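Descriptive analysis of the structure
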Amino acid sequence: MCGICGEVSFDGGPVTARAVTAMRDRLVHRGPDAAGVYVSPGAAAGLGFRRLKIVDLSDSANQPIPNEDGSVQVVFNGEIYNFGSLRAELVARGHTFRSQTDSEVIAHLYEEHGAACIDKLDGMFAIGIWDDRQQRLVLARDRTGKKPLFYMRGGGRLVFASEIKALFARPGLDIAIDRTAVPAYFLYGYVPCPATFYQGVKQLEPGTVLTVEGDGRTLSRVFWQLRYPQEDAPGPAPDRLTVTSTLRRLFTEAVERRLVSDVPLGAFLSGGVDSTVVVGVMSQLLDRPVKTFSIGFKDSPAYDETSFARLAARRFKTDHTEFIVEPGSFDLIEQLVWHHDGPFGDSSAVPTSIVSELTRGHVTVVLTGDGGDELFAGYQRFAAGLLTEQLPRPVRLAIHSLTRRVPPGASARDWRSRAQRLVAGLDLPLDERLTCWNSPFYEDVEELLTPDLRQALTPIDRLQHLRRSRAQMAGVSPLARMLLANFNSYLVDDLLVKVDRCTMAHSLEARSPFLDTALIEYVAGLPDALK
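Residues numbered from 1 in each chain as written. Predicted model: local features only at pLDDT ≥ 70, side-chain atom pairs only at ≥ 80, totals over all residues. Heavy atoms only, no water.

1. A word on the overall build of the protein chain
- In terms of regular secondary structure, the protein chain is built from 19 helices and 17 strands.
- The C-alpha radius of gyration of the protein chain comes to 24 Å, within 12% of the 24 Å expected for a compact globule of 531 residues.
- Counting only C-alpha atoms and orienting by the principal axes, one finds that the protein chain spans roughly 70 × 60 × 55 Å.
- Looking at the protein chain as a whole, 56% of its 531 residues qualify as buried.
- Of the roughly 22500 Å² of accessible surface on the protein chain, 53% is carried by carbon and sulfur atoms. (Helix = DSSP H or I, 4+ residues; strand = E, 2+ residues; numbered from the N terminus. Rg over C-alpha atoms; globule rule 2.2 N^0.38 Å. Buried < 20%, exposed > 50% of the residue type's maximum accessible area, 1.4 Å probe, protein only. Areas by Shrake-Rupley, 256 points an atom, 1.4 Å probe, with all protein chains shown as cover.)

As structure tokens, this is what we get:
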């Protein structure tokens, strides 16, 4: 796990090591163990790197990492889980390696396949490749968007980095707040990809390769998208026992791939189904007790799940550590805004940051249960969406009228609060209903804007977060429609952002077995009833 950055110049102005280093050193928290910088012989490009040592702890694995003659240079953030088999193939084709790290595989794989090499990588990654012979920069981001990658074009150059704060450190870049992004923040708590809070700064979308030529020409290619079967697709329903057996095998393989590490490794354990399954499989695969970590909240029983975590820890005989957080521990807002490069509307970032900081004192890598709800429709809003789709409109209106009389609950998890939130969007179409249920300010976003901004942005697109999903959602079932919307918006722009920034703020790597490509694709193809 690391922090990467770089730039390529189109106008003949040289790229300097000083400018790249300034960006690189804003990312120390992502990689405190080593640093590197590369400037091409003609000064047309530069790459910067901060390293968190995970696999091959030697200096030979430091980046930027080259091919044999140095004509290809790679910076890479993440983990490639199939690097062993790829390395064996490359060695058989005559490639010479200087390290045992997965990052070096990318350099040699690019020699063989060019930018198409990205399609062969299985893992979580953000990658920058400089091809000095072709004077070409290749940027790529993993299939589900677990690792971040931002870029900005201007002033005769393109710059990129793992976090936006690195771009602010680049001298000469004029970065200003994008006022048009404000409504999206109030609607979702984040700005949907590929946009950001800043003018001209974009996120590379998940499953995408961006090729940047030395003369400034760019080509974007999507190499992966999640697909669900058409609702009326023919075919026999799969046997339930066969599905169960296949899922067990795929998930076990996903966990096993994520246990490769030369540093201490553990797991976040909430006691919920997802993290418990991860820990259970880890306990079967490891020859030592799994190190597990949970967080509890003093005087907040509605949000404290440590009792369930203890049950799972006892069942699987883990080496369990429990952190109890007092109310004063929540004074983290300034720090979290800095790490998220601006406002972030998910309050669970606070406990995620705290448990990450405390866990880092014990291990360098953690496995998480993130992604289980996204695959298997675990959120209550999915069940609510299907249920309300079947209700005639008069029934919805009657329920809405009755529930308005229920007093508010003591917390967001109180059944009364959930009921009121459910009925708030009953009269809306499915896409809007789900957005309403998950939105902080769906109805009154306009009231939060200044008059001039409200006038400039009217009408506000409340379904902006679904733009990238429209083609995939055509013709699929209502459940698949909801899962796709969630996968391409909430997962990418909220959940994975929170986990990446909060863990990397404390130099901790997080791995998510539920987001394994083979597992995702298999589950997507299953009938709705089995989810």
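After that view, the rundown keeps rolling.
2. Observations concerning the sheet that holds strand S1 (residues 2-9)
- The strand order across the open sheet formed by 6 strands is S2-S3-S1-S9-S8-S10, and the pairing between neighbours is antiparallel. Sheet topology places strand S2 (34-39) and strand S10 (201-203) at the edges, where each strand pairs with a single neighbour. Pairs of neighbouring strands in the sheet enclose a mean axial angle of 15°, with direction left out of account.
- Of the pairings in the sheet, the one linking S2 to strand S3 (residues 45-51) comprises 6 bridges and is antiparallel in character. Each residue of the ladder has a partner; that of Ala34, found in S3, is Arg51.
- The strands touched by helix H1 (residues 17-24) are S1, S2, S3 and strand S9 (157-161); relative to S2, the strand with the most contacts, the crossing angle is about 145°. (Pairing = 2+ DSSP bridges. Axes fitted to C-alpha atoms, helices over the stretch in contact; angles between N-to-C directions. Contact = heavy atoms within 4.5 Å.)

3. Overview of H1
- Along H1, the residues that are buried comprise Ala19, Val20, Met23 and Arg24. In a view along the axis of H1, the buried residues occupy a sector of 140°, so they form one face of it.
- In this structure, the buried residues of H1 make contact with S1, S2, S3, S9 and helix H4 (164-168). (Arc of directions from axis to C-beta.)

4. Points about the pattern of salt bridges
- Enumeration according to the criterion identifies 32 salt bridges in this entry.
- One salt bridge in this structure joins Arg221 and Asp119, with 2.9 Å as the shortest N-O distance. Residue Arg221 is located in strand S12 (residues 218-222), and its partner Asp119 is located in the loop between helix H3 (102-113) and strand S6 (123-131); the two are separated by 102 residues in the primary sequence.
- Overall, Arg221 belongs to the partly exposed group, its relative accessible area being 31%.
- Residue classification places Asp119 among the partly exposed residues on the basis of a relative accessible area of 33%.
- A salt bridge links Asp319 to Lys291; the shortest N-O distance between them is 3.2 Å. Of the two residues, Asp319 sits in strand S15 (residues 319-325) while Lys291 sits in strand S14 (residues 291-297), which places them 28 residues apart along the sequence. (Salt bridge = Lys/Arg side-chain N within 4 Å of Asp/Glu carboxyl O.)

5. Topic: the pairing of S1
- For S1, a buried count of 8 out of 8 residues is recorded, marking the element as mostly surrounded by other parts of the structure.
- Where burial is concerned, the two faces of S1 agree: the one with Cys2, Ile4, Gly6 and Val8 and the one with Gly3, Cys5, Glu7 and Ser9 are both buried.
- Sheet analysis places S1 next to S3, joined by 7 bridges and oriented antiparallel. The residue bridging Glu7 from the neighbouring strand is Gly46, located in S3.
- When S1 meets S9, the two strands line up antiparallel, connected through 5 bridges. Its bridge partner being in S9, Cys5 is matched across the sheet by Ala161.

6. Structural notes on the side chain of Asp102
- The topology assignment puts Asp102 in helix H3.
- One buried charged residue, Asp102, remains without a salt bridge, the closest side chain of opposite sign being Arg511 at 7.1 Å.
- A distance of 3.0 Å separates the side chain of Asp102 from the backbone nitrogen of Ile80, its partner in a polar contact.
- When sequence neighbours within four positions are dropped, the list of residues in contact with Asp102 reads Phe76, Gly78, Glu79, Ile80 and Phe83. (Lys, Arg positive; Asp, Glu negative; His and termini not counted. Polar contact = N/O pair within 3.5 Å; in protein donor to acceptor, adjacent residues only side chain to side chain.)

7. Section: the sheet that holds strand S4 (residues 65-66)
- Strand order in the open sheet made by the 6 strands is S4-S5-S6-S7-S11-S12, with antiparallel pairing throughout. The sheet is open, and its two borders are formed by S4 and S12, each paired with just one other strand.
- Helix-sheet contacts for H3 involve S4, strand S5 (72-80), S6 and strand S7 (136-141), and the interaxial angle to S5 is about 130°.

8. Quick notes on the nonpolar core
- Counting residues in hydrophobic clusters, the biggest one holds 101 residues, and the most contacted among them are Val74, Ile118, Leu121, Phe125, Ile127, Ile129 and Met282.
- Element by element, the count of residues in this core is highest for helix H18 (residues 478-504), at 15 residues.
- Not counting residues within four places of it along the chain, the set of residues in contact with Val74 comprises Leu47, Gln63, Pro64, Ile65, Ser103, Ile106, Ala107, Ile127, Gly128 and Ile129.
- One finds Phe10, Tyr38, Ala45 and Tyr151 within the second-largest nonpolar core, a separate group that totals 21 residues. (Core = buried A, V, L, I, M, F, W, Y, C linked by side-chain atoms within 4.5 Å.)

9. Examining the packing of helix H12 (residues 380-389) against H18
- Between H12 and H18, whose axes approach to 10 Å, the crossing angle comes to 145°. At the point where H12 passes H18, the crossing takes the right-handed sense. Along its contact with H12, which presents Arg381, Phe382, Gly385 and Leu386, the element H18 presents Pro478, Leu479, Met482, Leu483, Asn486 and Tyr490.
- Taken together, the residues of the contact of H12 with H18 sort by class into 7 nonpolar, 2 polar and 1 charged. (Left-handed = near helix turned anticlockwise from the far one by under 90°. Nonpolar A, V, L, I, M, F, W, Y, C, P; charged D, E, K, R; others polar.)

10. Some thoughts on the environment of Asp516
- For Asp516, the position within the fold is in the loop between strand S17 (509-511) and helix H19 (517-524).
- Note: C-alpha distance between Asp516 and Arg257 (259 residues apart in sequence) is 9.4 Å.
- If we ignore the near neighbours within four places in the chain, the residues touching Asp516 are Asp122, Ala254, Arg257 and Arg258.
- Only 3.1 Å separates the side chain of Asp516 from the side chain of Arg258, close enough to count as a polar contact.

11. Some remarks on the side chain of His339
- The topology assignment puts His339 in helix H9 (residues 333-339).
- Those residues in contact with His339, other than ones at most four positions away along the chain, are His29, Glu163, Lys165, Arg501 and Ala505.

12. Overview of the packing of aromatic side chains
- Taken as a whole, this structure holds 10 aromatic pairs when the rule is applied.
- Note on Phe293 and Phe323: the rings are 6.4 Å apart at their centroids and 5° apart in plane angle, and the pair reads as stacked. Residue Phe293 is located in strand S14, and its partner Phe323 is located in strand S15; the two are separated by 30 residues in the primary sequence. For the residue pair Phe293 and Phe323, the accessibility class agrees, reading buried in each case.
- Between Tyr379 and Tyr490, the ring centres sit 5.9 Å apart and the planes meet at 85°, which makes this aromatic pair edge-to-face. Note that Tyr379 is positioned in the loop between helix H11 (372-376) and H12 and Tyr490 in helix H18, a separation of 111 residues in sequence. Each member of the pair, Tyr379 together with Tyr490, is buried.
- Among the aromatic residues, ring-to-ring pairing joins Tyr185, Phe186, Phe197 and Phe441 into one connected group.
- The ring of Tyr490 is capped by Arg381, whose NZ or CZ atom sits 5.1 Å from the centre of that ring. (Phe/Tyr/Trp six-rings, centres within 6.5 Å; stacked < 30°, edge-to-face > 60°. Lys NZ or Arg CZ within 6 Å of the ring centre and 35° of its normal.)

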